[in-house]
Amino acid sequence: MDGDGSPSPAGPAGSGRPDRKSGPRRRPGSGLGAAVSSRIRDLVRRAGSTPPPPGPFRPGFWRSPLRGPWLTSVFGLVLLIGIPLIFVTGMLSYASYNPDLGRLNDQTPDKGLLGFYLFAWPTHPYWLYRLTQGVHVTLGVVLVPVLLAKLWSVIPKLFTWPPARSLAHALERLSLLLLVGGVIFEFATGILNIQLFYVFPGSFYTLHFYGAWVFIAAFVVHVILKSGRLVTALRSRSLAAELRTSLAHTRPEPPDPDGLVPADPAPPTMTRRGVLAMVGGGSLLLLLVTAGQSIGGLLRNTALLAPHDREPGSGPSAFQINKTAASVGVTPAHVGPDWRLEIHGAGPAHVFTRAQLLAMPQHTASLPIACVEGWSTPDQLWSGLRLADLAALAGLPDAGRVLVESVQPPGPYASVLLRGNQIRDPRSLLALRVNGADLSLDHGYPARVIVPANPGVNNTKWVHRLTFRS
């Protein structure tokens, strides 16, 4: 040490070299991470000192006295019940395609772990897909008013200023963006698909599949973070008391840490009871104009949102179809007198005319057609040859799968793979007739497959080749 107590520039024993052991040390928090953190804090401070832009970012812009944790939590509770059910039925729809059979059935590229598959899709009960997909589509439509009301109730949070107060707050805002963006994307693409209005780029199947996983991940995180506040908010007020509260006695909720309650609320123009009635009434109306397309019966006449003709003429073939023959490029020339059915398996191929197929023992099955858009037909009486008998004819009575190929030009679902349990079900047919008459061209003449609980698009029409595999 120097006489004044400061460190000497020389090292030990007056060597004149710096002492490496006692040289400058890196202070805690220094380095690249500290620099980035400091930079973020500086940006946050600058944003916080900047006045909010005009419009929705101003605190006084949102003044509805009805907004608050309780009303938001009521809508949130409904979505907390409905959205998981929509997700589960959506995953069941994915499973119904038997995606592990190959790319013909599952056209989602690079799905990785997201494409997990737990079980072979069953054929019992025969109305299973009609139920699960009907619930998926109908519930998705019915929840639209609830979703819009929930977004309205939390819209001030979407315009918080500054956009981020800290790194943690920035991450929370990002999760909120994924949640809101994901739910809007999923509902919007689903509804457009129901109406056969394909304005989005790429395949609906792929976009909806990946969008569902992004949304459900953000949804789970949101539920974990907000479940405590939801319970507290629901307990803060009585639903029965709110339903009895008049407009004159409607008051804002107490200030909340999330900023949903406005600092300067406007006078109420309707009650919370009115809001709940409006949202509930909207959902009920959508139920009435949607559910009939899958439930059938008298409600089928009220299914105004169904994209397909609700009265498709009269006669044996007067029931809905997904795509006409013309829409997929199938012409009478494809299915004229030169049409043949080829059956491949363990031995030589078998080739049959339609007359020869009709001369074989015929079997019947009463089955509906249910489609991914949520619509379904009543049970129709199909007749034709059992797939199990055709598998035995091909020398593979215990076939594990069959490749069904259509005469339609190559494209999505021009061919499909069916699983062994679907082949062996006695109601699985290569149908030649329906309701006592020959198939119409739009319903798959000269032959189509019909399998219990199978998505309509996998009940391939205009079949010309069956290849059974062990």
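Let me begin by describing the structure that accompanies this report.

Reading the values: rules and limits
Residues numbered from 1 in each chain as written. Predicted model: local features only at pLDDT ≥ 70, side-chain atom pairs only at ≥ 80, totals over all residues. Heavy atoms only, no water. Pairing = 2+ DSSP bridges. Helix = DSSP H or I, 4+ residues; strand = E, 2+ residues; numbered from the N terminus. Axes fitted to C-alpha atoms, helices over the stretch in contact; angles between N-to-C directions. Left-handed = near helix turned anticlockwise from the far one by under 90°. Contact = heavy atoms within 4.5 Å. Nonpolar A, V, L, I, M, F, W, Y, C, P; charged D, E, K, R; others polar. Expected span 1.5 Å × (residues − 1). Buried < 20%, exposed > 50% of the residue type's maximum accessible area, 1.4 Å probe, protein only. Bend = angle between axes of the 7 residues up to and from the residue.

**Some thoughts on the sheet that holds strand β5 (residues 401-406)**
Sheet strands associate in pairs through backbone hydrogen bonding, adopting either a parallel or an antiparallel arrangement. The sheet built from five strands is open, its strands ordered β2-β1-β10-β5-β6 with mixed pairing. In the strand order of this sheet, the two ends are held by β2 (350-352) and β6 (415-419), each with one partner. Pairwise comparison of adjacent strand axes, ignoring direction, gives a mean angle of 15° for this sheet. As judged from the three bridges shared by strand β1 (residues 341-344) and β2, these two strands associate in the antiparallel manner. Within β2, the position partnered with E342 by the bridge is V351.

**Observations concerning the packing of helix α2 (residues 69-96) against helix α4 (residues 144-158)**
It is the contact of α2 with α4, at a shortest axis distance of 9 Å, that shows an interaxial angle of 145°. Both α2 and α4 take part in a crossing whose hand is left-handed. Contacts from L71, T72, F75, G76, V78 and L79 in α2 reach V146, L147, A149, K150, W152, S153 and V154 in α4. Grouping the amino acids of the contact of α2 with α4 by side-chain chemistry returns nine nonpolar, three polar and one charged.

**Regarding helix α3 (residues 128-142)**
Look at α3: 21 Å from first C-alpha to last across 15 residues, which is about the 21 Å you get at 1.5 Å a residue. For α3, the buried fraction is high: 13 of the 15 residues fall into the buried class.

**With respect to α4**
Note on helix geometry: an α-helix contains 3.6 residues per turn, so any two residues three or four positions apart are oriented the same way. Largest kink in α4: about 40°, centred on W152, with the proline P156 one to four residues after it. Among all positions in α4, only V144, P145, V146, L147, A149, K150, L151, S153, V154 and P156 are buried. Those residues of α4 that are buried are in contact with α2, α3, α5 (167-194), α6 (204-236) and α8 (272-288).

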